[in-house]
Protein chains: 4
Amino acid sequence: MISAGIVGGTGYTGVELLRLLAAHPSVALSAITSRGQAGTPVADVFPNLRGVVDLAYTEPTQGTLGDCDVVFFATPNGTAMEMAPALIEQGVRVIDLGADFRLRDLDEWAHWYGMPHTCAALAAEAVYGLPECHREAIRAARLVANPGCYPTAVQLGLIPLLEAGAVDTQSLIADAKSGASGAGRQPRQHTLLCEAGENFHAYGASGHRHLPEIRQGLNDAAGKPVGLVFVPHLVPMIRGIHATLYARLLDPTIDLQGLYEQRYANEPFVDVMPPGTHPETRSVRGSNMVRIAVHRPEGSDYALILAVEDNLVKGAAGQAVQNMNLMFDLPETMGLESIGLLP
Amino acid sequence: MISAGIVGGTGYTGVELLRLLAAHPSVALSAITSRGQAGTPVADVFPNLRGVVDLAYTEPTQGTLGDCDVVFFATPNGTAMEMAPALIEQGVRVIDLGADFRLRDLDEWAHWYGMPHTCAALAAEAVYGLPECHREAIRAARLVANPGCYPTAVQLGLIPLLEAGAVDTQSLIADAKSGASGAGRQPRQHTLLCEAGENFHAYGASGHRHLPEIRQGLNDAAGKPVGLVFVPHLVPMIRGIHATLYARLLDPTIDLQGLYEQRYANEPFVDVMPPGTHPETRSVRGSNMVRIAVHRPEGSDYALILAVEDNLVKGAAGQAVQNMNLMFDLPETMGLESIGLLP
Amino acid sequence: MISAGIVGGTGYTGVELLRLLAAHPSVALSAITSRGQAGTPVADVFPNLRGVVDLAYTEPTQGTLGDCDVVFFATPNGTAMEMAPALIEQGVRVIDLGADFRLRDLDEWAHWYGMPHTCAALAAEAVYGLPECHREAIRAARLVANPGCYPTAVQLGLIPLLEAGAVDTQSLIADAKSGASGAGRQPRQHTLLCEAGENFHAYGASGHRHLPEIRQGLNDAAGKPVGLVFVPHLVPMIRGIHATLYARLLDPTIDLQGLYEQRYANEPFVDVMPPGTHPETRSVRGSNMVRIAVHRPEGSDYALILAVEDNLVKGAAGQAVQNMNLMFDLPETMGLESIGLLP
Amino acid sequence: MISAGIVGGTGYTGVELLRLLAAHPSVALSAITSRGQAGTPVADVFPNLRGVVDLAYTEPTQGTLGDCDVVFFATPNGTAMEMAPALIEQGVRVIDLGADFRLRDLDEWAHWYGMPHTCAALAAEAVYGLPECHREAIRAARLVANPGCYPTAVQLGLIPLLEAGAVDTQSLIADAKSGASGAGRQPRQHTLLCEAGENFHAYGASGHRHLPEIRQGLNDAAGKPVGLVFVPHLVPMIRGIHATLYARLLDPTIDLQGLYEQRYANEPFVDVMPPGTHPETRSVRGSNMVRIAVHRPEGSDYALILAVEDNLVKGAAGQAVQNMNLMFDLPETMGLESIGLLP
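This is a predicted model, so every value here is computed, not measured. (Residues numbered from 1 in each chain as written. Chains lettered and ligands numbered in written order. Predicted model: local features only at pLDDT ≥ 70, side-chain atom pairs only at ≥ 80, totals over all residues. Heavy atoms only, no water.)

**Quick look at the overall build of chain A**
In step 1: Per the secondary structure count, chain A includes 12 helices and 13 strands.
In step 2: Once the C-alpha set of chain A is aligned to its principal axes, its extents read approximately 60 × 45 × 40 Å.
In step 3: For chain A, with 343 residues in total, the buried portion stands at 68%.
In step 4: Long-range pairs, those at least 24 residues apart, make up 71% of the contacts in chain A between residues at least 6 apart in sequence.
In step 5: On chain A, roughly 10500 Å² of surface is accessible, and the fraction owed to carbon and sulfur atoms is 51%.
In step 6: Counting 23 positive and 36 negative side-chain charges, chain A places the centres of these two groups 3 Å from one another. (Helix = DSSP H or I, 4+ residues; strand = E, 2+ residues; numbered from the N terminus. Buried < 20%, exposed > 50% of the residue type's maximum accessible area, 1.4 Å probe, protein only. Contact = heavy atoms within 4.5 Å. Areas by Shrake-Rupley, 256 points an atom, 1.4 Å probe, with all protein chains shown as cover. Lys, Arg positive; Asp, Glu negative; His and termini not counted. Charge placed at Lys NZ, Arg CZ, Asp CG, Glu CD.)

**So, the UniProt feature "domain: Semialdehyde dehydrogenase NAD-binding" (unreviewed entry) in chain A**
In step 1: The feature "domain: Semialdehyde dehydrogenase NAD-binding" (unreviewed entry), as annotated in UniProt, sits at residues 3-141 of chain A in this numbering.
In step 2: Within the segment residues 3-141 of chain A, helix and strand shares are 40% and 16% respectively, and the terminal C-alpha atoms sit 17 Å apart. (UniProt positions renumbered as here; feature names shortened; annotations may be inferred.)

**With respect to the sheet that holds strand 9 (residues 228-234) of chain D**
Residue and element names in this part refer to chain D.
In step 1: Pairing is mixed in the open sheet, where 7 strands are placed in the order 8-9-7-10-13-12-11. Edge positions in the open sheet fall to strand 8 (201-202) and strand 11 (270-272), since each of these has one partner strand only.
In step 2: Against the sheet, helix 11 (residues 256-263) engages strand 11, strand 12 (290-295) and strand 13 (302-309), with an angle of about 160 degrees to strand 12. (Pairing = 2+ DSSP bridges. Axes fitted to C-alpha atoms, helices over the stretch in contact; angles between N-to-C directions.)

**Overview of the domain arrangement of chain A**
All names here are of chain A.
In step 1: For chain A, the domain assignment lists domain 1 (2-125) and domain 2 (150-310).
In step 2: Listed per partner, the contact involves 15 residues of domain 1 and 15 residues of domain 2.
In step 3: At the junction of domain 1 and domain 2, the tally comes to 4 salt bridges.
In step 4: Among the ionic pairs, R102 bridges to E213, the shortest N-O distance being 3.3 Å. (Domains from an automatic or database assignment. Salt bridge = Lys/Arg side-chain N within 4 Å of Asp/Glu carboxyl O.)

**Examining the relation of the copies chain D and chain A**
In step 1: In screw terms, the move from chain D to chain A is a rotation of 180 degrees and a rise of 0.0 Å along the axis, fitting with an RMSD of 0.0 Å. Each copy turns onto its partner about a two-fold axis. Within chain D, D:P236 has its C-alpha nearest the rotation axis, a separation of 3.2 Å.
In step 2: Mapped onto chain A, 100% of the interface residues of chain D again fall at the interface, so both copies present the same surface. (Least-squares fit on C-alpha atoms with pLDDT ≥ 70 in both.)

**Thoughts on the interface of chain A and chain C**
In step 1: Each side of the interface is counted separately: chain A has 19 residues, and chain C has 19 residues.
In step 2: Summed over both sides, the interface between chain A and chain C buries roughly 1700 Å², with carbon and sulfur atoms accounting for 67% of that surface.
In step 3: Summed over the three residues of chain A that lose the most area to chain C, namely A:L192, A:L193 and A:C194, the buried surface amounts to 38% of that side.
In step 4: Remark: the boundary between chain A and chain C carries 2 salt bridges.
In step 5: One salt bridge in this structure joins C:R185 and A:E195, with 3.4 Å as the shortest N-O distance.
In step 6: The tally of links from chain A across to chain C stands at 8 residue pairs in polar contact (both at pLDDT 80 or more). (Buried area = accessible area lost by both parts, 1.4 Å probe. Polar contact = N/O pair within 3.5 Å; in protein donor to acceptor, adjacent residues only side chain to side chain.)

**Examining the interface of chain D and chain A**
In step 1: Taken together, the contact pairs 47 residues of chain D with 47 residues of chain A.
In step 2: Here chain D and chain A share an interface that buries about 3900 Å² over both sides, 54% of which is from carbon and sulfur atoms.
In step 3: On the chain D side of the contact with chain A, D:E198, D:F200 and D:E298 bury the most area, a combined 16% of that side's loss.
In step 4: At the junction of chain D with chain A, the criterion picks out 6 salt bridges.
In step 5: Close ionic contact of A:D175 with D:K177 constitutes a salt bridge, the shortest N to O distance being 3.0 Å.
In step 6: In this structure, the connection of chain D to chain A is made through 30 residue pairs in polar contact (both at pLDDT 80 or more).
In step 7: Of all the elements in the fold, those that place two or more residues in the side of chain D that touches chain A are strand 7 (172-178), helix 9 (193-196), strand 8, helix 10 (210-222), strand 9, strand 10 (241-248) and strand 13 of chain D.
In step 8: Per-element tally for the side of chain D that touches chain A: the top contributor is strand 10 of chain D, with 4 residues.
In step 9: Partitioned by chemical class, the residues of the side of chain D that touches chain A number 21 nonpolar, 14 polar and 12 charged. (Nonpolar A, V, L, I, M, F, W, Y, C, P; charged D, E, K, R; others polar.)

**Focus: the relation of the copies chain A and chain C**
In step 1: Laying chain A over chain C is done by rotating through 180 degrees and shifting 0.0 Å along the axis; what remains is an RMSD of 0.0 Å.
In step 2: Comparing contact sets, 100% of the residues at the interface of chain A also lie at the interface in chain C, consistent with an isologous, same-surface contact.

**What about the environment of A:Y246?**
In step 1: Mapped onto the secondary structure, A:Y246 falls in strand 10 (residues 241-248).
In step 2: In this structure A:Y246 comes out as buried when scored by relative accessible area, which is 0%.
In step 3: A sequence separation of 72 residues divides A:Y246 from A:A174, and the C-alpha atoms of the two residues are 6.5 Å apart.
In step 4: With near-sequence residues (within four places) excluded, A:Y246 lies in contact with A:S171, A:L172, A:I173, A:D175, A:Y302, A:A303, A:L304, D:I173, D:D175, D:V229 and D:V231.

**Section: the state of the cysteines**
In step 1: Applying the stated criterion to the full structure yields 0 disulfides over all chains.
In step 2: In this structure B:C119 is a free cysteine whose sulfur lies 19 Å from that of B:C68, the closest cysteine sulfur available.
In step 3: Looking at D:C194, it has no disulfide partner, and the nearest cysteine sulfur is the one in B:C149, 12 Å off. (Disulfide = S-S within 2.5 Å.)

**Focus on the pattern of salt bridges**
In step 1: Counted according to the given criterion, the structure contains 84 salt bridges over all chains.
In step 2: Measuring nitrogen to oxygen at the nearest pair gives 2.7 Å for the salt bridge that ties A:R239 to A:E16. One end of the pair, A:R239, is in the loop between strand 9 (228-234) and strand 10; the other, A:E16, is in helix 1 (residues 12-22), and 223 residues separate them in sequence. Residues A:R239 and A:E16 agree in their burial class; the two are buried.
In step 3: Two residues, B:D310 and B:R239, come together in a salt bridge whose shortest N-O distance is 2.9 Å. One end of the pair, B:D310, is in the loop between strand 13 (302-309) and helix 12 (313-327); the other, B:R239, is in the loop between strand 9 (228-234) and strand 10 (241-248), and 71 residues separate them in sequence. With respect to burial, B:D310 and B:R239 carry one shared label: buried.

**Here we look at the packing of aromatic side chains**
In step 1: Scanning all chains against the criterion turns up 10 aromatic pairs over all chains.
In step 2: Ring centres of B:F200 and C:F200 lie 6.3 Å apart, and the angle between their planes is 5 degrees; this geometry places the pair in the stacked category. One end of the pair, B:F200, is in the loop between helix 9 (193-196) and strand 8 (201-202); the other, C:F200, is in the loop between helix 9 (193-196) and strand 8 (201-202), on a second chain. In terms of burial, B:F200 and C:F200 fall into one category: buried.
In step 3: Here D:Y150 and D:F230 contribute two aromatic rings whose centre-to-centre distance is 5.3 Å and whose plane-to-plane angle is 75 degrees, an arrangement assigned as edge-to-face. Remark: D:F230 occurs in strand 9 and D:Y150 occurs in helix 8 (residues 149-163); sequence separation between them is 80 residues. Each member of the pair, D:Y150 as well as D:F230, is classed as buried. (Phe/Tyr/Trp six-rings, centres within 6.5 Å; stacked < 30°, edge-to-face > 60°.)

What follows is the structure, given as structure tokens:
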């Protein structure tokens, strides 16, 4: 059994990690930390875990965490940067669900996250945890930077086009929509039911933290800097991300459907839907699957890609478990077989 | 492996049965029938099952179904009554998620369901599939009448009080609230998002089909006819039932918490919550658990019982699988361990 | 024109008051105060008011408010108690949408609101602003205590039965359901879309602040102390309260429909629905109407009353404007004619 | 008073027309027809109209409608085409909220609407009812083709850029999102609360009926054929459309904010928001306003336009009333002053 610890287990990615790890056949949950909730039983905070998780939150100390085989950070940006080095020193493997190690350019990181990056060495070593692109490196990684929710959907949706050199790399548009759980469990006015419910709007149109992360991945796939417009929107629902992606095709006669089916033929968690379909976010609710449909809008030279995921699963906790499975030579799908909850 | 068939697999109880049975370690899905959808792959109707269920719907014929060990009916009332006898004749065990075999009084059945009951013999033999009350009979049953969604929550909430003779049996009030999935997948105006969303109302206040079913169970528990007011309401959400139950206590000094904890001490799917808590429907979303909290409202002689369930799981498909596990000597919780999806 | 001021205009009752008063033909909005938002244009906080309200929030000073004909308090409990005396001294008439002046028993007030009551004199003078019961007193009042949202629906639903002496006064049960706007605009975890959405639960089952307020009104109507169980629930929607009310009839042959139609025959904002109907909260969304339906559940001696209101209108701001109309001899319905927004 | 009739008053545009016309100071509702509901009081179908509209539905006969000054068609496509000619013959002015007269190219109309167009003469005479573009022609029109919901938001969002020749006319992308009321009140599976709730997806990506209508308007504004990709999405809410619009700027130094403020300076129902803001659909719920914000995404040469409307008001019934006001020389805003309902 793999002994797993979670730092910061009181948010939505935390409870989702708990749900997945508690049911994982090869994992023993050994520590869940929270400064605010130390001493409180986990099941008091998350009643869905009553009778399943009998741990209580503890203070985040080296001791408890140092004995784990793997530690997941589900913490505000900046925390993993502080605590990961000592743990890795002790031989603990780390998966950071935050953003601390996602960007290679630390000046850009400092610009977007509003603090200096204090851990350049590990940042250089960290592996970006998108298995569909970095599977082998993840297997060997001591530190995995788990991708953001938007970046997972947008990258998986656009990468096949860029790898194939099929589109004008300056014409990329990502119109993304997310359920409110992406904004976290901290009480804030704009995510109250009375503010976000029965309402729809864009946000961060002037620039969103996930933009540089997405751009970094797309640049790698294209082999050169891409031009990308990324506009996130808040959807009045709890879970789910829908990325609507546009790119101008260089050769309108290309077989898009074949391109995507081939690229993801061996991917357990990417489902290329039949031509003419429209993936629904609910079809992956609670599941680690990403579903992608490919369209050629009538009378235009654009490719239209529709990609959906559960932002808390493939967009966060599920992908983290997928990465853990790879790091510990377990079947990649272990503990991630659950079927989307529909309706 | 148990070979299982489903008659009427295009509704919400049908897709939920598919989700549970597809993941059940001892079940092989061998037939799913639908008159309307014969020939259509199940995964085309329910995309969450893509890659999981590769069956297509077939016409409901004796042949395919007769080879099953168990057949589930997720059909409109009246269908199981027609088809079950021949199947049982062939040695197939039947679990009816409809109402055909729930009432012992067939005149009352005919009154509430608006058609004559054509299968008195089986009706007399059928076992009411509430494991918390009829576990042993279910093990041996050829035909199980799976309880309705409201009756499951209301009976589990009130039975301990009635069995203990603790309340005025003429003072029972069940104020019940259900998500819209209880109304089924047939397109009807009142369950459109634009009608049921951002809206709350009671319905069937003059009398609801689940009233006689609940009354029958409560009469058994009380050992005499009870007086019950049952008022269902439609909640603007998809899954979940919340039953708010009131009964006047004969002895206000009774230890209600102890009574409930004792009654359900050995029940795998009934969770008696700590004193002073309020169970949330989301805590059992997708799970087979019922959570119950017991209150003594300030300055009154009433007991207040709060009970929640997922109407599609413990209120329908999950309870059906629980019954199947009992009928085939499998661990009662097999295939039903999934944790509530929160948020 | 009546010069109106609002103290605490940043919450949901505040913005609803702004919406109603901005469109009121005989009112000039002259001051809106907010300690937190002083200097911010109202329309920056509430974009629906762009082009309609061009005021900015100001500090709550005697000056600005003292020049008003009427001042509305949409503030946390305790504020009106502090500020109202000086204003009334200056001849300003006050309508408190908070709870400071709702209870005659100030010890009970201190018990439920967790602070001493510092304004006994005004508390004795304040008129409870339920026009259907205190219309004449309201006309002459210097200080009106605007009823709470739950108390408005529950009292209007039960008072006809109590005034007529038709029910066992110890058998009253109020099972009430409210949209999340009743919990206010302050960011709190339990009202986040991800917590309150797709979820249903009771709260305050052990005792809710509106219980003594409701009891006071029902005692007056019954002419003796009543026995009441009051259980509030949170509905996953924004606006609306549905009260499901139960009382045991002394004479089961009574004409309930006639009783209610007669009691409310001349009330502009109480609609007694036809027999057998179920009022929907959406039918009064944004409107000042209360709709009530009366039922006799089959085979019981209980009366079942269903009452709906918009908790922010008849349950708060609309009723406050109705009271203002009475206080200033305006047509009672002026500025309150808007039709429920459906769908 | 203007005598108004409505053909097809049982859908969502119908009830919204009723809400607006019932409160319009210069309109007398004289007839509401419905084949299915003839004889039923309107208020039985729409309880929000109880006490406000006392008409019953009637059969759509020439008689009742022929006496009206104006008749609104809120009917399935094809109906207005049949009935309008005779009414116009009688001197009745007609506003069609359907699509029958929106396209000038009747072959394209037949292609998209799947039936031959039988009324070429009137189609040639009909005025497209977008006041911001055709105000003077509307004043004189006998027949107004009221724009579709998506076309209103997309055209108002893009026209200033096209009229100014500021963008590459082949680079237009309209990523549009609509609440479920846009799909109408006919019971259909995909708009059930259990299908559309907690879910998000695109639809009609291969081509939507509103595409040719939008293209026609944009071609007029650009003075040449534009290249447009239009992708609609279904949002889990009742009312509201959000159009996210992208176009490549020819001159990135252009003053976009000034361009929009100038274009709409005198428009009573177009609100150009301050730079850097994100309009919310709820800010126009129940109101006839369109709110537009203009952005320049960081490091790209695209213009990003965000436009919101209430699809049932400015996107349908409200715009129809605005057109009626113009046709009958009433103040353009009469009966359309109601403020967005927030929260």
